[in-house]
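One-letter residues, chain by chain:
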Amino acid sequence: MSTTVPPASPPAAGNPDSHGAGAASADSSSANTSKKTLDAAGITAKLAELQTTAKGLSAAEATQRLAKYGPNALQVHEESRWKKLLGYFWGPIPWMIELAALISLARQDWLDFSVIAALLLYNAAVGFWQDNKAANALAALKQGLALKSKVLRDGQWVSTDAAQLVPGDVVTVAGGEIVPADLLLIDGKYLSVDQAALTGESLPVSKRVGDSAFSGSIARQGSMSGVVTSTGNNTFFGRTAKLVASAGSKSHAEQAVLKIGDFLIILAALLAVVLIGTNIWRDMVAGGGLGWSEAGRIAQFVLVLLIASVPVAMPAVMSVTMALGALALSRQKAIVSRLSAIEELAGVDVLCSDKTGTLTQNLLTLQEPIPFNGADPDALVVGAALASQRNSSDAIDQAVLKALKDPKVLDTYKSLDFVPFDPVNKKTVGIVAAPDGTKHQFAKGAPQVIAALCGVSETSTGDTGVSHDYFAKVAELASHGTRALGVARSDDDGKTWTLLGILALLDPPRPDAKQTIAQSKELGLEVKMVTGDDVAIGSEISRQLGLGQHLIEAQKVFGDKADPDHISIDAARAVEQADGFGRVFPEHKFEIVKALQERGHIVAMTGDGVNDAPALKQADCGVAVSGATDAARSAAALVLTAPGLSTIVNAITEARAIFNRITSYVYYRIAMTIDIMFVVVLSYLVFGFQPLTPIMIVVLALLDDIPIMTIAYDNVKIAPKPVRWNMHRIIVFSSGMGILALLQSFGLVLLAMGWLHSPEWMAYFPIDLPHIQTMLFLQLAAGGHMLLFVVRAPGSIFSRPFPNRTLFLAIVGTQIVAILMCLFGILVPALPWQLIALVWAYVLVATLITDWLKQGFQAVLEKREQRSLQLSQPIAATVAPVAPVAVAK
């Protein structure tokens, strides 16, 4: 086995052995924060605590413990699918739709009932399907567990299902096997464990007796035995799975729809009270009783009001719009697994990015060699290569071998012997015969070990100053978080050694990472690095990418017993102010996302490993990068199929366009709902007649919303900053536009009723109440789509960007259908073509006036928002900066 190389730094304080991985190793840093390497006494105490010995358990004792602790498998309680499905029929908007459907059913209005029920079922089906997609995360995590394990039972090694392991069992783990449970290693020389998917470390970690090994990690080389300390949900792996199952936040789109539903419910309830009260009062004044026919008439009016007030197609239109947007994103190598992630991505203002494999290439690369004692740089690399195994899968060996200018040079040497790496010696030695037959030894390993081999120490002095320069370079590399490898040569069978130099290794940034981060910042995103590696390593990569170098240890922020549901204000502020985090474990990533969300941020989290799954699911938009594990892909809302982060920039741009389209629809839909509700009530209160029939309102909902689904193709301006649901602005602006639309609609009713009661006009062209109903129907159909053109434009209706051709043609087609319905009396009373032309002329003039008033209304709103922002800035400026560390509670 080849050397596991540290950043050129001494072991962390309190850690007796850096394992040759220094700050980059979870075992020597993050993991050992909570689990130190145990000595012999500590191991004995742990065995006593587990009530076991190095000889393992008896079969009978194992059976008893299995009954007590349960199987070594992930068992997470999840809500039943039926309960989830029923949940989509519960809530403000579903209640209103269901009530309208029940009234239709009671009155045997089968067409109304069928249309409303179909929309209700469609909304539930779409939501249920999306929810099931996210539930795959737990199943993917379970696939990572070991299936079989060798366990010591009754003094005999036997093979058993990993699910049958219990605390106190003694098991053996060898290269190529998955660690079956959390272990305390108690016997064996060494074990190289790849726990990158769990902890985010870029290199395998070398374990020794007294170390812990985590369930779900993969043994690469070596063999050791260990005692099982935790199984199932109590393992490190199991806690990650529980975080995934518990993670998840309600999307801002869902919250917005609920708030819109609440707003419309209040309006509908108030108007219904007014309608019912007015009817009762009129019946009492008329001297008649409130009989069944009057009650039925009131119920019909309430039905009309309910149908008018409920934006029954809003969830469907939003789902279809986002689905079409998801299709567009898929063409840009971004697969959406949760539709709500699209609008969340548009509002993301903090992007938490995993380092290894996301910002970097997850491929160690040799930097410029640093020779000493007059050694040739190429000879330094050759020497390191001769101290490596050519067929090794070790990342460091591969990096050294790839750095050779001419790999064939190794063929001129004959390998005589090889001393593999072990955690004690922390070096490898290759013994070779040179082309001239002379025998040489080459060693590579931790800088301090190679220095000691050559008799070089920090306190030694000499004319050449090698000691000072060597350790100065080691310290410099350590400050940059760069891993260092010392190389030496012996020509006298290892009696004396000559220092050849230092090789610096770094997992380099992806070629497109720096540009992508710069583009992200231009889009108003703050990028924070989140890595399992040491702070120094993360800081160096962060410096190269222009991210900022204020990285802090996650452990120092959250402490050992942090509760993700109760994060302190100091910790949340520290997270907000940091540029990134080092030595991060899964629960830390989860807590980082939660802390940022509590501070009001919309958070995106990128990652590729099992360790990222909980945070990916909790984040407003979890992004699994190309090559991610099944667990990460299942937990993420957005899965990238192309390498690098550049796809995220494209996805954000597309998401903001989709968000603008959705908000245009929401403005239009709320305004039209207000228009229809109030024109129905006002017409009845003022003139005592029902201006729209229930079927007219149902048809209006279809005519208005079905073609509006093509808004997914509309041309929009891309916002330069994150966009999110501003409910105050949405309600205020939509209400204002609704009032303008109401003035247009009720103005037509006023003119038509004046016409009806004017002998001169009636003599010129007679009309009746059914004509007025159809005129209002046509005005709402035409004026509604004209209103969409008004609200979608940030400026004048004639300013760019103009409506997309698909949207425009869909609306034109809908208006032709509406005109033909009115002309031939299909589902509505027939209307002469002269009145149709008159209504259209009225709508066009009213639209121009509405557009002019809208621009003034927008200007007033923007001034108020700027004033509010200016008033809030002095308050924010008085908040003192919070120290980013030492805030654990």
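Residues numbered from 1 in each chain as written. Predicted model: local features only at pLDDT ≥ 70, side-chain atom pairs only at ≥ 80, totals over all residues. Heavy atoms only, no water.

(A) View of the overall build of the chain. When helices and strands are counted, the chain shows 32 helices and 22 strands. The burial tally for the chain puts 57% of its 889 residues in the buried class. Across the chain, contacts joining residues at least 24 apart in sequence account for 74% of those joining residues at least 6 apart. In the form shown here, the chain has an accessible surface area of approximately 36600 Å², with 60% of it arising from carbon and sulfur atoms. (Helix = DSSP H or I, 4+ residues; strand = E, 2+ residues; numbered from the N terminus. Buried < 20%, exposed > 50% of the residue type's maximum accessible area, 1.4 Å probe, protein only. Contact = heavy atoms within 4.5 Å. Areas by Shrake-Rupley, 256 points an atom, 1.4 Å probe, with all protein chains shown as cover.)

(B) Here's a closer look at the sheet that holds strand 8 (residues 334–336). Strand order in the open sheet formed by 8 strands is 8-22-21-20-9-17-19-18, and the pairing between neighbours is mixed. The open sheet has two edge strands, strand 8 and strand 18 (551–553), and neither has a second partner. Between one strand axis and the next, the sheet turns by 20° as a mean value, whatever way the strands run. Relative to strand 19 (residues 580–582), strand 17 (residues 526–530) is paired through 2 bridges, and the arrangement is parallel. Across the sheet, the residue bridging to methionine 529 is glycine 580, located in strand 19. Running at roughly 165° to strand 18, helix 20 (residues 535–545) makes contact with strand 17, strand 18 and strand 19 of the sheet. (Pairing = 2+ DSSP bridges. Axes fitted to C-alpha atoms, helices over the stretch in contact; angles between N-to-C directions.)

(C) Seen up close, the packing of aromatic side chains. Under the counting rule described, the total for this entry stands at 10 aromatic pairs. Taken together, Phe372, Tyr470 and Phe471 form an aromatic cluster joined through their ring pairs. Across from the ring centre of tyrosine 668, 5.6 Å away, lies the NZ or CZ of arginine 669, which sits over that ring. (Phe/Tyr/Trp six-rings, centres within 6.5 Å; stacked < 30°, edge-to-face > 60°. Lys NZ or Arg CZ within 6 Å of the ring centre and 35° of its normal.)

(D) Expanded view of the nonpolar core. Residues Leu638, Leu692, Trp725 and Phe777 are the most contacted members of the largest nonpolar core, which totals 122 residues. By residue number, the principal contributor to this core is helix 26 (residues 646–687), which donates 22 residues. Val530, Ile552, Ala619 and Ala636 belong to the second-largest nonpolar core, a separate cluster that totals 31 residues. (Core = buried A, V, L, I, M, F, W, Y, C linked by side-chain atoms within 4.5 Å.)

(E) Summary view of helix 22 (residues 569–577). Turning to helix 22, its buried residues number three or more, namely Ala571, Ala572, Ala574 and Val575. Seen along its axis, helix 22 keeps its buried residues to an arc of 160°; they face one direction. (Arc of directions from axis to C-beta.)

(F) The arrangement of empty space enclosed by the protein in detail. Inspection of every chain in the model, using the stated rule, returns 5 cavities of 30 Å³ or more. When its volume is computed, the second largest cavity comes out at roughly 80 Å³. Taken together, 13 residues make up the lining of the second largest cavity; nearest its centre are Ala741, Gln744, Gly783, Gly784 and Leu787. If one sorts the elements of the lining of the second largest cavity by residue count, helix 30 (residues 769–792) sits on top with 7 residues. (1 Å grid on protein atoms, 1.4 Å probe; cavity = no way out; pocket = protein on both sides within 12 Å on 5 of 7 lines; lining within 4 Å. Points joined across faces, edges and corners; volume = space filled by probe spheres on them.)

(G) Quick peek at the confidence of the model for the chain. Scored by pLDDT, the chain has a mean of 78; 79% of the residues are at 70 or more. In the predicted structure, residues 1–34 sits below a pLDDT of 50 and forms 125 contacts with residues beyond four places in sequence or in another chain. Note that residues 137–142 has pLDDT below 50 and, in this model, 18 contacts with residues that lie over four places away or in other chains. (pLDDT = per-residue confidence, 0-100.)

(H) Just a nonpolar patch on the surface, in detail. Together, Leu111, Phe808, Leu809, Val812, Ile816, Leu820, Leu823, Phe824, Ile826, Leu827 and Trp833 make up an exposed nonpolar region whose accessible area comes to about 1100 Å². The dominant element in the nonpolar patch, judged by the number of residues it contributes, is helix 31 (residues 805–824), at 7 residues. (Patch = residues over 30% accessible without salt bridge, like charges linked within 9 Å, V, L, I, M, F, W, Y side chains within 5 Å. Salt bridge = Lys/Arg side-chain N within 4 Å of Asp/Glu carboxyl O.)

(I) Structural detail: the environment of serine 215. Relative to the elements of secondary structure, serine 215 occurs in the loop between strand 6 (212–213) and strand 7 (218–230). Assessed through its relative accessible area of 1%, serine 215 is described here as buried. Residues serine 215 and aspartate 182 lie 33 residues apart in sequence; the distance between their C-alpha atoms is 4.8 Å.

(J) Highlighting the pattern of salt bridges. Throughout the structure, instances matching the rule amount to 17 salt bridges. We note a salt bridge from glutamate 476 to lysine 473, for which the minimum N-O separation is 3.2 Å. Of this pair, glutamate 476 and lysine 473 both sit in helix 18 (residues 466–479), 3 residues apart, which is roughly one turn of the helix. With relative accessibility at 37%, the residue glutamate 476 sits in the partly exposed group. For lysine 473, a relative accessible area of 24% translates into the label partly exposed. Residue glutamate 553 pairs with arginine 583 through a salt bridge whose shortest N-O separation is 3.7 Å.

(K) Representation of the pairing of strand 16 (residues 498–506). Where burial is concerned, most of strand 16 is hidden: 8 out of the 9 residues are buried. Bridging between strand 10 (residues 365–366) and strand 16 involves 2 bridges; their strand directions are antiparallel. Along strand 16, the bridge assignment pairs threonine 365 with leucine 506. Where strand 11 (residues 370–371) and strand 16 come together, 2 bridges link them in antiparallel fashion.

(L) Molecular detail of the environment of leucine 86. Along the chain, leucine 86 falls in helix 4 (residues 81–87). The sequence separation of leucine 86 and alanine 124 amounts to 38 residues, and the corresponding C-alpha distance is 8.4 Å.

(M) Representation of the packing of helix 28 (residues 727–756) against helix 30 within the structure. Closest axis-to-axis distance for the helix 28/helix 30 pair is 10 Å, and the angle between their directions is 155°. In terms of axis orientation, helix 28 runs roughly antiparallel to helix 30. Between helix 28 and helix 30 lies a crossing of right-handed hand. Across the interface between the two elements, Phe733, Met737, Ala741, Gln744, Ser745, Leu748, Val749, Ala752, Met753 and Leu756 from helix 28 touch Leu769, Ile772, Met775, Leu776, Gln779, Leu780, Gly783, Leu787, Val790 and Val791 from helix 30. Taken together, the residues of the contact of helix 28 with helix 30 sort by class into 16 nonpolar, 4 polar and no charged. (Parallel < 35°, antiparallel > 145°, perpendicular 65-115°, else oblique. Left-handed = near helix turned anticlockwise from the far one by under 90°. Nonpolar A, V, L, I, M, F, W, Y, C, P; charged D, E, K, R; others polar.)

(N) Unusual backbone geometry, seen in detail. A cis geometry characterises the amide bond from arginine 800 onward to proline 801, with omega recorded as 0°. For aspartate 154, which is not a glycine, the phi torsion comes out positive at approximately 55°. Here aspartate 154 shows up in the loop between strand 1 (148–153) and strand 2 (156–161). Its identity is not glycine, yet leucine 827 carries a phi of approximately 70°, on the positive side. Secondary-structure assignment places leucine 827 in the loop between helix 31 and helix 32 (833–877).

(O) Looking closely at the pairing of strand 1. Here strand 1 runs beside strand 2; their pairing, made up of 6 bridges, is antiparallel. When the sheet's bridge partners are listed, serine 149 is paired in strand 2 with threonine 160. If you look at the hairpin formed by strand 1 and strand 2, you'll find 2 residues sitting between the two strands, and aspartate 154 has a positive phi there, around 55°. Note: strand 1 against strand 3 (residues 170–174), 3 bridges, orientation antiparallel. Its bridge partner being in strand 3, lysine 150 is matched across the sheet by threonine 172.

(P) How the structure looks around the side chain of serine 734. Here serine 734 shows up in helix 28. Overall, the relative accessible area of 0% leaves serine 734 in the buried class. A distance of 2.6 Å separates the side chain of serine 734 from the backbone oxygen of isoleucine 730, its partner in a polar contact. (Polar contact = N/O pair within 3.5 Å; in protein donor to acceptor, adjacent residues only side chain to side chain.)

(Q) Looking closely at the environment of lysine 594. With respect to the helices and strands, the residue lysine 594 is situated in helix 23 (residues 586–598). Counting along the chain gives 26 residues from lysine 594 to aspartate 620, while the straight-line C-alpha distance between them is 9.9 Å.

(R) Geometry of the packing of helix 30 against helix 31. The interhelical angle for the contact between helix 30 and helix 31, taken along N-to-C directions, is 175°, at an axis separation of 10 Å. In terms of orientation, helix 30 lies roughly antiparallel with respect to helix 31. Between helix 30 and helix 31, the contacting residues are Thr774, Phe777, Leu778, Ala781, Ala782, His785, Leu788 and Phe789 on the first element and Leu807, Phe808, Ile811, Thr814, Gln815, Ala818, Ile819, Met821 and Cys822 on the second. A class-by-class count of the residues in the contact of helix 30 with helix 31 yields 13 nonpolar, 4 polar and no charged.

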